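Coordinate analysis (summary)
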Amino acid sequence: MTTVQQGLLLVVSGPSGAGKGTICNLLREQMPELGYSISATTRQPRVGEVDGKNYFFKTVEQFKEMIAKSELLEYAEVYGNFYGTPRQFVMNQLQDGKDVLLEIDIQGALQVKKSFPEGVFVFIVPPSLKVLSERLHGRGTDTEEVIQKRLSCTVDELGYAPAYDYVLVNEVAEAEADKLLSIMKAERNRSSRKQQIVDSIKAGK
Ligand code: 5GP
């Protein structure tokens, strides 16, 4: 059989500090074949971050050029910095039948939903605002001012949950990563994704 099923676009999003990164890393360990889109950003690298691995670190001018050339599938300004998803990598992977993971903010996820309504959209939320505050402080990567800004945005951001296909409450990251893996397995078998294969079976191929 020669039919290649198009890859699945998994978009994981949610308020900052909800634990998207941890859950996505656990999923990637369990699904090494999952393509991971490395975002472009204008924010400064944190200690230990590597250009081309964690992000493609860009100047504002370089980022604006990427926008002008339509090189980004989506982009957003998040807490004063630009972040965006390079389009080419995602399109190539999907066309080759490979699944791709985007770990992006809510504004970006809503943009992707417009152009890829067939994607799978997962919203990660913290178990409570108190836990979120503890996590943001514990991470030690942001100033108090940034943390307060992030916390005050979270209540509004939680209002976007209904726009997503699934909501995971991140109490224990390992448990939620397992659920994400189950979601991927089930979504691959959604009837709309199997239509080409069913058609080719019908045609005796
Ligand atoms: P951080 O600076 O902590 O790495 O990321 C800040 C926020 O930007 C996180 O919510 C992260 O998911 C989001 N983000 C990372 N890459 C992208 C991207 O390519 N597009 C959008 N819209 N958001 C992104």
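Described below are features of the structure shown in this document.

Here we come to the overall build of the chain. Scanning the chain from terminus to terminus reveals eight helices and nine strands. For the chain, whose C-alpha radius of gyration is 18 Å, the value lies close to the compact-globule estimate of 17 Å for 205 residues. Dimensions along the principal axes, computed over C-alpha positions, put the chain at roughly 65 × 40 × 30 Å. Per-residue burial over the chain gives 43% buried out of 205 residues. Pairs at least 24 apart in sequence give 68% of the contacts found in the chain among residues at least 6 apart.

Our focus in this paragraph is the site of the ligand. With respect to spatial proximity, 15 residues lie near the ligand, and among them Ser39, Arg43, Tyr55, Tyr83 and Asp105 are the closest. Here arginine 43 contributes a side-chain N or O atom positioned 2.6 Å from an oxygen atom of the ligand. Look at the ligand: alone it shows 510 Å² of surface, and the protein chains cover 94% of it. Contributions of two or more residues to the shell around the ligand are made by strand 5 (72-78) and strand 6 (81-86). Looking at the shell around the ligand residue by residue, the classes come out as five nonpolar, four polar and six charged.

The four strands are arranged 4-3-6-5 in an open sheet whose pairing can be described as mixed. The open sheet has two edge strands, strand 4 (56-57) and strand 5, and neither has a second partner. Sheet topology note: the strand 3 (residues 40-41)/strand 6 ladder contains two bridges and is antiparallel. When the bridges of strand 6 are listed, alanine 40 appears paired with glycine 84. Across the sheet, helix 2 (residues 60-68) lies against strand 3, strand 4, strand 5 and strand 6, angled at about 140° from strand 5, the strand it touches most.

It is the contact of helix 5 (residues 129-139) with helix 6 (residues 144-157), at a shortest axis distance of 10 Å, that shows an interaxial angle of 155°. Here helix 5 is positioned roughly antiparallel relative to helix 6, judged by the angle of their axes. As for the relative orientation of helix 5 and helix 6, their crossing is right-handed in sense. Counting all contacts with helix 5, which are made through Leu129, Leu132, Ser133, Leu136, His137 and Arg139, the residues of helix 6 involved are Glu144, Ile147, Arg150, Leu151, Thr154 and Val155.

Next up on the list: helix 1 (residues 20-30). Considered for burial, the residues of helix 1 that qualify are Lys20, Ile23, Cys24, Leu26 and Leu27. Buried residues along helix 1 cover an arc of 160° about the axis, so they all sit on one side. On its buried face, helix 1 sits against strand 1 (9-13), strand 7 (100-103), strand 8 (120-125) and helix 7 (173-187).

Of all hydrophobic cores here, the largest spans 23 residues; its most connected members are Leu10, Val12, Leu27, Leu101, Val122, Ile124 and Leu180. Broken down by secondary-structure element, the contributors of at least two residues to this core are strand 1, helix 1, strand 8 and helix 7. By residue number, the principal contributor to this core is helix 7, which donates six residues. In this structure leucine 10 touches Leu27, Val100, Leu101, Leu102, Val120, Val122, Leu180 and Met184, once residues within four positions along its chain are discounted. In this structure, Leu102, Ile106, Ala161 and Tyr164 belong to the second largest nonpolar core, which totals 17 residues.

Inspection of the secondary structure assignment puts aspartate 142 in the loop between helix 5 and helix 6. A distance of 3.4 Å separates the side chain of aspartate 142 from the side chain of threonine 141, its partner in a polar contact. Those residues within four positions of aspartate 142 in sequence are excluded, and the remaining contacts are Arg46, Ile147 and Arg150.

With that settled, the discussion passes to the sheet that holds strand 8. An order of 2-7-1-8-9 is seen for the five strands of this open sheet, with the pairing classed as parallel. The open sheet has two edge strands with one neighbour each: strand 2 (35-36) and strand 9 (166-169). Set on the sheet, helix 3 (residues 87-95) makes contact with strand 1, strand 2 and strand 7; between it and strand 7 the angle comes to about 150°. Across the sheet, helix 4 (residues 106-115) touches strand 1, strand 7 and strand 8, and the angle it forms with strand 1 is around 155°.

What counts, and at which threshold
- Residues numbered from 1 in each chain as written.
- Predicted model: local features only at pLDDT ≥ 70, side-chain atom pairs only at ≥ 80, totals over all residues.
- Heavy atoms only, no water.
- Helix = DSSP H or I, 4+ residues; strand = E, 2+ residues; numbered from the N terminus.
- Rg over C-alpha atoms; globule rule 2.2 N^0.38 Å.
- Buried < 20%, exposed > 50% of the residue type's maximum accessible area, 1.4 Å probe, protein only.
- Contact = heavy atoms within 4.5 Å.
- Near = heavy atom within 4 Å.
- Polar contact = N/O pair within 3.5 Å; in protein donor to acceptor, adjacent residues only side chain to side chain.
- Areas by Shrake-Rupley, 256 points an atom, 1.4 Å probe, with all protein chains shown as cover.
- Nonpolar A, V, L, I, M, F, W, Y, C, P; charged D, E, K, R; others polar.
- Pairing = 2+ DSSP bridges.
- Axes fitted to C-alpha atoms, helices over the stretch in contact; angles between N-to-C directions.
- Parallel < 35°, antiparallel > 145°, perpendicular 65-115°, else oblique.
- Left-handed = near helix turned anticlockwise from the far one by under 90°.
- Arc of directions from axis to C-beta.
- Core = buried A, V, L, I, M, F, W, Y, C linked by side-chain atoms within 4.5 Å.

Spatial relationships are all this shows, so hold off on functional conclusions.
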